[in-house]
Amino acid sequence: MKALILNRSEGPEAVTLQEVGAPVPAVGEVRIALKAASLNHRELWICRGQYPGLKLPTGLGSDGAGIIDAVGSGVDPSLVGRDVVLYPGIGWGDDQRYPDRTFALFGMPLPGTLAYYICAPVQNAVEKPVSLTFEEAACLPTAGVTAWRALNLKARVAPGDKVLVTGIGGGVASLSLKLALALGAKVYVTSGSDDKLQQAELLGASGGVNYRQEKWGMVLGKLSGGIDVVIDGAPAGSLTQYSRCLNLGARVVIYGATSGSDVHFSAPDLFLRHATLFGTTMGTLEDFRLMLDFVARHGIRPVIDRRFTLDTSAQSLLSLQNDHGLGKVTVTI
């Protein structure tokens, strides 16, 4: 079968589409004939050698959807033919608050979804919502469960809350916008692109601020009248700006560091507002199931920015790196 493989941590240019052996499901596993996958910035960190525990060579891709085409010993054979979306991790552990140190994701160190087939424990193959195409379902695993956990378990968003989503172009951010709206929140966004701000407003955002302008936090404060919840994937460039327009009891959830890891802020801006700062990433299998059910019930459809095929999947990584718009980059297989 074909699979996208990284042999050297020299950037997206180092990936190649290779012929590898098709996997065979072990005891308790199913094999999924993948129909679509989607990219995350995680793939870029891995390609650059910036991901902890890097082991090469490795297949790439954490997110995928497809059809079960084979089962291992101990698995109900009637599952063959079922449309599924892949929960992207194994070994979360018994504590629902945070993952075990052995928690691992597909696409390093586990095999990747940018391939014809993948084997996974049967519980990881969750029934695909009938309302979604394979391509749309493949957008949900990593970004969707991260956004869901940030909004619900960490921030506990309630109807009427004013939510700020920073850097609206990314997958977690675009899904956070849609999920927060469905939860009854009023959503504001930031971006360095006026075009993305306009797109976000078309998707339901109440307003947006370009973070390239000086003192954009003051503009946000006047626009929103105060923020209750922040979903932030780039705190290094934003926390000092929005911290002064937080409402009392605000909840700030950080899920990434795309603008760098060196974060500065004024402590009084948080403790005088009785604000809480959370960190999060990914989520449990139960979080994943709840997110998929919520998406299906509310008719949520992920935003797709650009589409590629497996034969052009190397170019998809360069697109994500160099000219990413708003939404997910997908690969049909």
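Starting afresh in each chain, residues are numbered from 1 along the sequence in its written order. Residue-level local features of this predicted model are given only where pLDDT is at least 70; pairs of side-chain atoms are given and counted only at 80 or more, and the full residue set underlies all totals for whole chains, interfaces and linings. Note that water and hydrogens are dropped before the side-chain values are worked out from all heavy atoms of the structure.

A.B. asks: Explanation requested: the overall build of the protein chain in the structure shown.
C.D. replies: The numbering of helices and of strands both runs from the N terminus, where a helix is a DSSP run of H or I of at least 4 residues and a strand a run of E of at least 2. Within the protein chain, the secondary structure is distributed over ten helices and 18 strands. Radius of gyration: over C-alpha atoms. The globule rule applied is 2.2 Å multiplied by the number of residues raised to the 0.38 power. Rg of the C-alpha trace for the protein chain: 20 Å, near the compact-globule value of 20 Å for 333 residues, within the 12% margin. Expressed along its principal axes, the backbone C-alpha trace of the protein chain runs to roughly 60 × 40 × 35 Å. Looking at the 333 residues of the protein chain, the share that counts as buried comes to 55%. Looking at the protein chain alone, contacts between residues at least 24 apart form 70% of all its contacts between residues at least 6 apart. Carbon and sulfur atoms form 52% of the exposed surface of the protein chain, whose accessible area is close to 14,000 Å². Charge assignment: positive for Lys and Arg, negative for Asp and Glu; neither His nor the chain ends contribute. To locate a charge, take atom NZ for lysine, CZ for arginine, CG for aspartate or CD for glutamate. Each charge class in the protein chain can be summarised by its mean position, and for the 30 positive and 30 negative side chains these summaries are 4 Å apart. The classification of residues rests on relative accessible area computed with a 1.4 Å probe and restricted to protein chains. Under 20% of the type maximum is buried, over 50% is exposed, and intermediate values are partly exposed. Should any heavy atoms of two residues lie within 4.5 Å, those residues are counted as being in contact. Under the convention used here, a 1.4 Å probe and the Shrake-Rupley method define accessible areas, while residue burial counts only the protein chains that appear.

A.B. asks: Would you mind going over helix H9 (residues 285-298) with me for this structure?
C.D. replies: For an α-helix the count is 3.6 residues per turn, leaving residues at separations of three or four pointing the same way. Taking 1.5 Å of rise per residue, the 14 residues of H9 would be expected to cover 20 Å, and the 20 Å separating its terminal C-alpha atoms lies within 8% of that figure. Buried-residue contacts for H9 involve strand E6 (83-86), strand E10 (125-127), helix H3 (141-154) and helix H4 (171-182). Looking one or two residues past H9, glycine 299 carries a phi angle of roughly 65°, positive in sign. The span one expects for a helix is its residue count, reduced by one, times 1.5 Å.

A.B. asks: In this structure, what is going on with the side chain of lysine 154? I would like to understand it.
C.D. replies: Mapping lysine 154 onto the fold places it in helix H3. The term salt bridge refers to a side-chain nitrogen of Lys or Arg lying within 4 Å of a carboxyl oxygen of Asp or Glu. One buried charge, lysine 154, has no salt-bridge partner; the nearest side chain with opposite charge is aspartate 287, at 9.0 Å. Not counting residues within four places of it along the chain, the set of residues in contact with lysine 154 comprises Arg97, Arg149, Val253, Phe278, Gly279 and Thr280.

A.B. asks: What is the right way to look at the pattern of salt bridges in this model?
C.D. replies: Side chains that differ in sign of charge can pair as their charged atoms come close. Throughout the structure, instances matching the rule amount to 13 salt bridges. Taking the shortest distance from any N to any O, the salt bridge between aspartate 161 and arginine 251 comes out at 2.9 Å. Taken as a pair, aspartate 161 in the loop between H3 and strand E11 (162-165) and arginine 251 in strand E15 (residues 246-254) lie far apart in primary sequence, 90 residues in all. Across this residue pair, the class does not change: aspartate 161 and arginine 251 are buried. Here arginine 273 ties to aspartate 269 by a salt bridge, and the two come within 3.6 Å at their closest N and O atoms. Salt bridges here are not isolated pairs; linked through shared partners, they connect Arg244, Asp269 and Arg273.

A.B. asks: What's the story with the sheet that holds strand E2 (residues 15-19) in this structure? I'm lost.
C.D. replies: Sheets are built from strands paired through backbone hydrogen bonds, the pairs being either parallel or antiparallel. In spatial order, the strands read E2-E1-E4; together these three strands make up an open sheet with antiparallel pairing. At either margin of the open sheet sits one strand with a lone partner, and together these are E2 and strand E4 (58-59). Bridge analysis of strand E1 (residues 2-6) against E4 gives two bridges, and the strand direction is antiparallel. Each bridged residue has a counterpart across the sheet, and for isoleucine 5 the counterpart in E4 is glycine 59. Note: two strands are recorded as paired if DSSP finds a minimum of 2 bridges between them.

A.B. asks: Looking at this model, I keep getting lost on the pairing of strand E13 (residues 207-210). Mind explaining?
C.D. replies: Regular strands place their side chains on alternate faces of the sheet. Bridge count for strand E12 (residues 186-191) against E13 is four bridges, and the pairing is parallel. For tyrosine 188, the partnering residue across the bridge sits in E13 and is glycine 207. When the strands point away from the viewer, a crossover counts as right-handed if the route from the first strand across the helix to the second turns clockwise. Regarding the hand of the β-α-β motif, the stretch spanning E12, helix H5 (residues 194-202) and E13 is right-handed.

A.B. asks: Is there a simple way to think about the sheet that holds E12 in this case?
C.D. replies: With respect to topology, six strands assemble into an open sheet ordered E13-E12-E11-E14-E15-E16, the strand pairing being parallel. Whereas interior strands pair on both sides, the edge strands pair on one side only; in this sheet they are E13 and strand E16 (276-279). Across the sheet, the axes of successive neighbouring strands diverge by a mean angle of 20°, strand direction being ignored. For helices, the fitted axis covers only the stretch in contact; all axes are lines through C-alpha atoms, and the angles between them, taken along N-to-C directions, range from 0 to 180 degrees. Relative to the sheet, H5 contacts E12 and E13, its axis offset from that of E13 by approximately 170°. Seen against the sheet, helix H6 (residues 216-224) touches E11, E12, E13 and strand E14 (227-232) and runs at an angle of roughly 170° to E13.

A.B. asks: Teacher, can you tell me more about the side chain of arginine 149 here?
C.D. replies: If you trace the backbone, arginine 149 turns up in helix H3. Pairing of N or O atoms within 3.5 Å defines a polar contact, subject to two protein rules: one partner must be a possible hydrogen donor and the other a possible acceptor, and residues neighboring in sequence count only if both atoms are side-chain atoms. A polar atom in the side chain of arginine 149 sits 2.8 Å from the backbone oxygen of arginine 97.

A.B. asks: Any chance you could explain the packing of aromatic side chains here in plain terms?
C.D. replies: The description of an aromatic ring pair uses the distance of the two centres, along with the angle that the planes make with each other. Stacked, tilted and edge-to-face pairs are distinguished by plane angle, under 30 degrees for stacked and over 60 for edge-to-face with tilted covering the rest, among Phe, Tyr and Trp rings (Trp via its six-membered ring) whose centres lie within 6.5 Å. If you walk through the whole model with that rule in mind, you get three aromatic pairs. Aromatic side chains tyrosine 87 and phenylalanine 288 sit 5.5 Å apart centroid to centroid with 50° between the ring planes, which places their arrangement in the tilted category. With a gap of 201 residues between them, tyrosine 87 in the loop between E6 and strand E7 (89-90) and phenylalanine 288 in helix H9 connect regions that are remote in the sequence. Phenylalanine 288 shares its class with tyrosine 87; the two are buried. Summarising the aromatic geometry, the rings of tryptophan 148 and phenylalanine 294 are spaced 5.0 Å apart at their centres and angled 55° between planes, so their arrangement reads as tilted.

A.B. asks: Honestly, the pairing of E6 in this entry has me stumped. Any pointers?
C.D. replies: When strand E5 (residues 63-71) meets E6, the two strands line up antiparallel, connected through three bridges. Bridge pairing in E6 links glycine 66 to valine 84. Pairing of E6 with E10 involves three bridges; the strand directions are antiparallel. By the bridge assignment for E10, valine 84 is matched with glutamate 127.

A.B. asks: Can you walk me through the environment of arginine 307 in this structure?
C.D. replies: Within the element layout of this structure, arginine 307 appears in strand E17 (residues 304-309). Separated by 22 residues in the primary sequence, arginine 307 and valine 329 place their C-alpha atoms 6.0 Å from one another. Sequence-distant contacts of arginine 307, that is, excluding residues within four places in its chain, are made with Glu135 and Thr330.

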